[in-house]
Amino acid sequence: MARYRFHCTNGLECVFDARGTEIRAAARLTARARRVAADVRHTLANRTDWSEWRVSVHDLTGRRVLVQPFEAAA
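Residues numbered from 1 in each chain as written. Predicted model: local features only at pLDDT ≥ 70, side-chain atom pairs only at ≥ 80, totals over all residues. Heavy atoms only, no water.

Whenever I open this one, the confidence of the model for the protein confuses me. Can you help?
Low pLDDT means the predicted atomic positions in that stretch should not be read closely. Mean pLDDT for the protein: 93, with 96% of residues reaching 70 or above. At the level of individual helices and strands, the protein shows its lowest average pLDDT in helix α1 (residues 29–43), which scores 95, and its highest in strand β4 (residues 54–59), which scores 98. (pLDDT = per-residue confidence, 0-100. Helix = DSSP H or I, 4+ residues; strand = E, 2+ residues; numbered from the N terminus.)

What should I look at first to understand the pattern of salt bridges in this one?
Should the charged atoms of two oppositely charged side chains come close, the side chains can pair. Scanning the entire structure with this criterion turns up four salt bridges. The closest approach of N and O atoms between Glu 13 and Arg 47, which form a salt bridge, is 2.7 Å. With Glu 13 in the loop between β1 (2–9) and β2 (14–15) and Arg 47 in the loop between α1 and β4, this residue pair connects regions lying 34 residues apart in the sequence. A residue is classified by how much of its surface remains accessible, and Glu 13, at 30% relative accessible area, is partly exposed. Note on Arg 47: relative accessible area 31%, which makes it partly exposed. Here Arg 34 makes a salt bridge to Glu 71, at a shortest N to O gap of 2.7 Å. Here Arg 34 is found in helix α1, whereas its partner Glu 71 is found in the segment after β5 (64–69), with 37 residues between them in sequence. Its relative accessible area of 40% is what places Glu 71 among the partly exposed residues. (Salt bridge = Lys/Arg side-chain N within 4 Å of Asp/Glu carboxyl O. Buried < 20%, exposed > 50% of the residue type's maximum accessible area, 1.4 Å probe, protein only.)

Mind showing me how you'd approach the pairing of β4 here?
Here is the key point about a regular strand: its side chains alternate between the two faces of the sheet. Among the six residues in β4, five count as buried, and that is most of the element. Relative to β4, β1 runs antiparallel, the two being bridged by six bridges. Within the sheet, the bridge partner assigned to Arg 5 lies in β4 and is His 58. Where β4 and β5 come together, five bridges link them in antiparallel fashion. Bridge pairing links Ser 56 to Val 67 in β5. With antiparallel pairing between neighbouring strands as the criterion, β4 and β5 make up a hairpin whose turn holds four residues, including Gly 62 at a positive phi of roughly 95°. (Pairing = 2+ DSSP bridges.)

So what exactly am I meant to see when it comes to the environment of Thr 21 here?
Tracing the backbone shows Thr 21 in strand β3 (residues 21–23). Owing to a relative accessible area of 18%, Thr 21 belongs among the buried residues under this scheme. With 12 residues separating them along the chain, Thr 21 and Ala 33 place their C-alpha atoms 11 Å apart. Apart from residues no more than four positions distant in its own chain, Thr 21 is found in contact with Ala 2, Arg 3, Tyr 4, Phe 6 and Arg 32. (Contact = heavy atoms within 4.5 Å.)

I tried to follow the nonpolar core on my own but got confused; where do I start?
Nonpolar side chains tend toward joint burial in soluble globular proteins. Among the nonpolar cores identified, the biggest contains 15 residues, and Phe 6, Cys 8, Leu 29, Val 55, Val 57 and Phe 70 are the most heavily contacted of them. Among the elements that line this core, the one with the most residues is α1, at five residues. Excluding anything up to four places from it in sequence, Leu 29 contacts Tyr 4, Phe 6, Ile 23, Val 57, Val 65 and Leu 66. (Core = buried A, V, L, I, M, F, W, Y, C linked by side-chain atoms within 4.5 Å.)

Okay, structure coming up:
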């Protein structure tokens, strides 16, 4: 099991994940990134444009392992 950090940004603003999350299989990173994006959208609900936002996933060495765009809100 490895710990990953899921940071969110639109290039100007950032929501940093200081604690990280333990993930058993790297194949689950995309699903977790989508959940993180949904949580950020909910927390910052006054926003309407999420088109530039991304979840940038990093391992504990700081290496970026995934960039997942926010999905359009349903």
